[in-house]
Structures are given as C-alpha cells and as structure tokens.
Amino acid sequence: MIGGLFVYNHKGEVLISRVYRDDIGRNAVDAFRVNVIHARQQVRSPVTNIARTSFFHIKRANIWLAAVTKQNVNAAMVFEFLLKIIDVMQSYFGKITEENIKNNFVLIYELLDEILDFGYPQNSDTGVLKTFITQQGIKSASKEEQAQITSQVTGQIGWRREGIKYRRNELFLDVLEYVNLLMSPQGGSFDVHKNFNKPKLSIEVLIMTVTGQIGWRREGIKYRRNELFLDVLEYVNLLMSPQGQVLSAHVAGKVVMKSYLSGMPECKFGINDKIVMEAKGKGNGGISGNTDSEGARSGKPVVVIDDCQFHQCVKLSKFETEHSISFIPPDGEFELMRYRTTKDISLPFRVIPLVREVGRTKMEVKVVLKSNFKPSLLGQKIEVKIPTPLNTSGVQLICLKGKAKYKASENAIVWKIKRMAGMKETQLSAEIELLETDTKKKWTRPPISMGFEVPFAPSGFKVRYLKVFEPKLNYSDHDVIKWVRYIGRSGLYETRC
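Residues numbered from 1 in each chain as written. Predicted model: local features only at pLDDT ≥ 70, side-chain atom pairs only at ≥ 80, totals over all residues. Heavy atoms only, no water.

(A) Structural detail: the sheet that holds strand β10 (residues 227-240). Spatial ordering of the open sheet is given by β13-β15-β11-β10-β25-β23-β18-β21-β20, a layout of nine strands whose pairing is mixed. Either end of the sheet is taken by a strand with one partner, and the two such strands are β13 (307-310) and β20 (403-407). Neighbouring strand axes in the sheet, compared pairwise and without regard to direction, differ in orientation by 15 degrees on average. Of the strand pairs in this sheet, β10 and strand β11 (residues 246-260) are connected by 14 bridges, and their pairing is antiparallel. (Pairing = 2+ DSSP bridges. Helix = DSSP H or I, 4+ residues; strand = E, 2+ residues; numbered from the N terminus. Axes fitted to C-alpha atoms, helices over the stretch in contact; angles between N-to-C directions.)

Spelled out as structure tokens, the structure:
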C-alpha cells in the first residue's frame, strides 16, 4: 500500500507528484529532497526512514523515483512495482530523462491513474495498458537522430537516409481491408462499406481485459502459422582456487519464450526438475526419496532448483499440486521463469594458471585453457583476461589458438578465441617486463576472469515436453511449430592465480 509517488530530477525538483492517501503530506516531498538527494553523505540504502515515513527509491540516470508510505509494507513488492513503472514508461517514450518526463507528464499521470488505485497496484502489464491508453509518447531525439533529421530536411530525399544495407533485399506489401455490414432479418443489406482504419476495441473487451482473469492477453489473436520459440539462458558464476578447487559456483537461469499462437491457448511446460522427476518416479513405482537412483534408473539427469520465480501467467496452484507449469502465454516475447541452482554444475571451461616471478623486473605467466564439454559442441565468444602488475612496461605473448593482446588501459592481457571445440586444450605464454619501484609491498594478484558462450545448459536443465491446447480453434499440439534453444554464458567466472 503506497501513500504517494514522486519523481525528482537531480536538483531535487519535483517533476511528477501523486498522493494517494491522506497520511502523506507535502512535507514528505521536502524531507526526501533534504535527507536523500541533497544529503552531505551519499545515501547507499534504497530504503530511508524519516519521521516514521518510509521512502523506497530507485535512480535512473539523473532521475529519482520514490514511493512513500507510513504502513508496514513488503519492500520487495514495492521495488518490483517501481521497476515495473520504469518499464512501462520506457515502452511509451524510451529513455527515462528529465526532458522526456516533462514532455510526457500528461501521459505519465494517465498511466499512474490506471496502474495505482488508492495506493494499491492494479494492472501494470504494458500490452494491456497500450490497448486502452493509445496515446503515443514524445521521444526526445538524440544527437545522431537530430543530424539525420537535418540531412533529411535539407536533402533531396527527406524520407530516406543514405547508407542503408541489408543482406537480402525484400519487399512486403500488405493490402488490409475491413468490411462492415448491417443486414436485415430478411437478408437485405442496409449499409456495406470498407473501412481502411483499424477498428477500435470495444469497451466490453477492454473491461474484460483489465478486470478479467487473463489480463496479459487479449482475445481475437490470429496467426497464419502457430509458432513457439523457447530460449533457456543460463549464466555460470564460478570462483576457483589456483589448485582447481571450486570455492563457489552457482547458475542463474531464465526461460524466455516468444509466443505466436492464435486464440487463447493453454501451454504445459515440463522440465527435469528434482521434485517433478521424483514425483514421476513414485507414480511409476520408483524408490521414494532417492532422486539420484531414479535419475540413474531412467538414464536422464535431473536438476536441483534451489529457488525459482514465475511470470504472472503461470498457474501456481497446479505447480504446487501437480508439479506442472501450466499457463496461457502473453502474445510475443516474455520471461516465463527464473531459477537458481548450485548443485551438479557442469563447468564448461577450466583455467589453469601458472605465475612465476623472475627477480623484480620480470614475470612469466602460463595459462592453460581446457574445454570440458562434448567434442561435437563448439564454444564461442571466448575471452580470457589475465591481470598484470601496475608497473608493467612490456609484454611478449605466444598463444597457440586465437589472438592475444596486452591492454595497458585495463592492466590486463586479453586473449580472444572465436571458437573452441569440446575436450580440447590450448595455452598462452607471456613474459612480462616490469619497471623497478621503491615500494616493497607485494603485488596482490587479481583473479583471471573469463567470458564465453556454449550451446547447452551447464546446470543440466532440460525441457521434457511443451504442449499446446486450444479447444476453440481448429489446431492441435501437432500443428504448432516449436523451437527450443539452450545457451550457457559466463557470469562472474574467475580463477585465482
């Protein structure tokens, strides 16, 4: 329950102000300006309590967005709501800047009236809001856009800029006609005409969309070809000792879906989660409580998900009782779920460092890189950063694969490899020349960091099935074209040296 919502610039001037409850007065605006924006010391905490009033604030560029309340509210929900407001505003008028907010203040107030009611969040889905708030936001032009506008105005062809290039030249022409008909009971036609403007949604449809159970998808969506695209994106975070001992490791993953389905379909999504596979094993007469035995017996690995978060379209009651992810998907791209796992992680790469100091003016570094996945797969966008001392004067490099370069601005050797197959090994050798210094303090070696992209999920996450049901329209699960892709990327992937 939010008492008020305020938007400030970097000077502390109020750009947007909306008070929803009587317990929040005008003095709350000044209190936040004095104690947070103009504070002598930088305020690091996103929650500030002033005179029994809580201020939840986030900052984007030079804009402050603050939610004010005197009640004991859920802080995580308030920040989730503030981030959702930022996403909604960005979808309407682009970047969150002072100029854009001033140019679109009428639109922002209209959005706030729809999103919040007496301090309680209502429908904040961007797709639904755009169906009944059709006003286009005013976007401020960047320097490049202003230069393009100038060239378009002064040039001979103002509607097209030069330098446009495409791999394949294509031209698509759509002829859209909307036929309107009024017919008598006897079959006589009173009024027939063609309307070339897109028909507006009826008030009944808008009310159903906003207040109904399915607020994230409207009815009447139709596609020639029904398709589903599913991307499993995982980010591996690792800290490893020089001896190869894993100090900490976890995978943060998300499932992103692009839905191009007609009607109001219901999808069922199955994964090889420990709880799901264990329940399946019990149902088939498997050993209860022994997930590893069940996974070994079926020959399929299972993934232990520590925590997960779903999109609002997922029916949580079915997930808790049946352990199945059932949902009616929004149209277009959306994030279906996020998850985190810390067990049985398949580390795609192993970095073995060897650093030897030769006196005070020379250092020898050898780094061995091993790939630990199937030989049929290829790792891409591989980049290894090897830190060097601050008093480095020169570096001589020898690498068996890829390209390596010393970057003085980053105090690091950057080793880049375009592609590397699984179960391969390569190495880099470097001789680092150092300048003599008077300081006796020994150089603290930062860890070697690494970036990569591999075509599999390091946690072992697998999509077991993806089914689509649409009883009203004449298409079945077999008529839907489905695409599943696994991508593993590096998060904070470091090895101490």
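(B) Quick look at helix α2 (residues 75-93). For α2, which comprises 19 residues, the first-to-last C-alpha distance of 27 Å matches the rise-based estimate of 27 Å (1.5 Å per residue) to within 8%. By the N-cap criterion, in which a side-chain oxygen at the helix start approaches the backbone nitrogen of a residue two or three places on, α2 is capped by N74, the distance to A76 being 3.1 Å. Two residues or fewer past α2, G94 is found with a positive phi of approximately 80 degrees. (Expected span 1.5 Å × (residues − 1). Polar contact = N/O pair within 3.5 Å; in protein donor to acceptor, adjacent residues only side chain to side chain.)

(C) The nonpolar core, seen in detail. Residues L5, L65, L82, Y92, I101 and L111 are the most contacted members of the largest nonpolar core, which totals 32 residues. Elements with a minimum of two residues in this core: β1 (4-8), β2 (14-19), β4 (53-60), β5 (63-69), α2 and α4 (105-115). Ranked by residues supplied to this core, first place goes to α2 with ten residues. Residues within four places of L5 in sequence aside, it is in contact with I16, S17, R18, Y20, L65, A66, A67, L82, I85, L112 and L116. (Core = buried A, V, L, I, M, F, W, Y, C linked by side-chain atoms within 4.5 Å. Buried < 20%, exposed > 50% of the residue type's maximum accessible area, 1.4 Å probe, protein only. Contact = heavy atoms within 4.5 Å.)

(D) Fine view of the environment of A75. If you trace the backbone, A75 turns up in helix α2. A75 sits in the partly exposed class, given a relative accessible area of 29%. Sequence separation of A75 and S54 is 21 residues, and the distance between their C-alpha atoms is 9.8 Å.

(E) Broad picture of the environment of K472. In this fold, K472 is placed in the loop between β24 (463-469) and β25 (481-495). For the pair formed by K472 and P265, sequence separation is 207 residues and the distance between their alpha carbons is 8.8 Å.

(F) Geometry of the packing of α2 against α4. Two elements in contact, α2 and α4, have axes whose closest approach is 11 Å; the angle formed by their N-to-C orientations is 135 degrees. Here α4 runs oblique to α2, going by the angle between their axes. Crossing of α2 over α4 shows right-handed handedness. Residues F81, I85, V88, M89, Y92 and F93 of α2 lie in contact with α4, whose contacting residues are L107, I108, L111, L112 and I115. Along the lines of polarity and charge, the residues of the contact of α2 with α4 split into eleven nonpolar, no polar and no charged. (Parallel < 35°, antiparallel > 145°, perpendicular 65-115°, else oblique. Left-handed = near helix turned anticlockwise from the far one by under 90°. Nonpolar A, V, L, I, M, F, W, Y, C, P; charged D, E, K, R; others polar.)

(G) Quick peek at the packing of aromatic side chains. Across all of its chains, the model carries 13 aromatic pairs by this definition. Ring geometry for F56 and F79: centres 5.7 Å apart, planes at 80 degrees, overall edge-to-face. Within this pair, whereas F56 is found in strand β4, its partner F79 is found in helix α2, the two being separated by 23 residues in sequence. In terms of burial, F56 and F79 fall into one category: buried. Consider the rings of F349 and F373, whose centres lie 5.5 Å apart with planes at 80 degrees: the pair is edge-to-face. With F349 in strand β16 (residues 349-358) and F373 in the loop between β17 (362-371) and β18 (378-387), this residue pair connects regions lying 24 residues apart in the sequence. Judged by its relative accessible area of 1%, F349 falls in the buried class. Clustering of aromatic rings is evident, with ring pairs tying together F6, Y8, F32, F55 and W64. (Phe/Tyr/Trp six-rings, centres within 6.5 Å; stacked < 30°, edge-to-face > 60°.)

(H) Examining the pattern of salt bridges more closely. Inspection of every chain in the model, using the stated rule, returns 18 salt bridges. A salt bridge links E98 to K102, with the nearest nitrogen and oxygen atoms 3.0 Å apart. In this pair, E98 and K102 are both assigned in helix α3 (residues 98-103), four residues apart and thus about one turn of the helix distant. A relative accessible area of 17% places E98 in the buried class. Of the residues examined, K102 reaches a relative accessible area of 46% and is grouped as partly exposed. One salt-bridge network, held together by shared partners, links E266, K315 and K318. (Salt bridge = Lys/Arg side-chain N within 4 Å of Asp/Glu carboxyl O.)

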